[in-house]
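# Fold and geometry: a report
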Amino acid sequence: MYFNAQLKVEQTRVEQYDMIFFDMTKSEQLAKRLREVILDGTWIANTNFKDQIENLDWEIATKKVKSLNTISILAQHIHYYIV
């Protein structure tokens, strides 16, 4: 029951976005989606990039875990390639 209700909410959200983007060019649509994901919105996974790293302690952001990239390195890559 909960899953069906959540799915309905997601479908409605997508329909609303589709209506907004109807009159926009593809580049405007892409820019709006990226801006939302990075700065404003919660469209993907109910979160956004800025909120997640804004108040992150630098020690956590630079902590190395095995051979994985640190949060600070990933943020730098995102900034370079997207922003």
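Scoring rules and cut-offs
Residues numbered from 1 in each chain as written. Predicted model: local features only at pLDDT ≥ 70, side-chain atom pairs only at ≥ 80, totals over all residues. Heavy atoms only, no water. Helix = DSSP H or I, 4+ residues; strand = E, 2+ residues; numbered from the N terminus. Buried < 20%, exposed > 50% of the residue type's maximum accessible area, 1.4 Å probe, protein only. Contact = heavy atoms within 4.5 Å. Areas by Shrake-Rupley, 256 points an atom, 1.4 Å probe, with all protein chains shown as cover. Patch = residues over 30% accessible without salt bridge, like charges linked within 9 Å, V, L, I, M, F, W, Y side chains within 5 Å. Salt bridge = Lys/Arg side-chain N within 4 Å of Asp/Glu carboxyl O.

A count of helices and strands for the protein gives 5 helices and 0 strands. Going from N to C terminus, the protein has its helices and strands arranged as α-α-α-α-α. The 83 residues of the protein split such that 11% are buried. Contacts in the protein between residues at least 24 apart in sequence constitute 23% of all its contacts with a sequence separation of at least 6. Accessible area for the protein stands at about 7300 Å²; split by element, carbon and sulfur atoms hold 61% of it.

A cluster of nonpolar residues, Leu30, Leu34, Tyr80, Tyr81 and Ile82, forms a patch on the protein surface that exposes about 590 Å² of accessible area. Going through the elements one at a time, helix 2 (26-40) and helix 5 (71-81) are the ones with two or more residues in the nonpolar patch. With respect to the element layout, Leu34 can be found in helix 2. For Leu34, a relative accessible area of 34% puts it in the partly exposed group.

Here we take up the environment of Ile71. By the secondary structure assignment, Ile71 is in helix 5. Judged by its relative accessible area of 36%, Ile71 is partly exposed. Between the C-alpha atoms of Ile71 and Ile53, which are 18 residues apart in sequence, the distance is 8.5 Å. Not counting chain neighbours up to four residues away, the residues in contact with Ile71 comprise Ile53, Leu56, Ile60 and Ala61.

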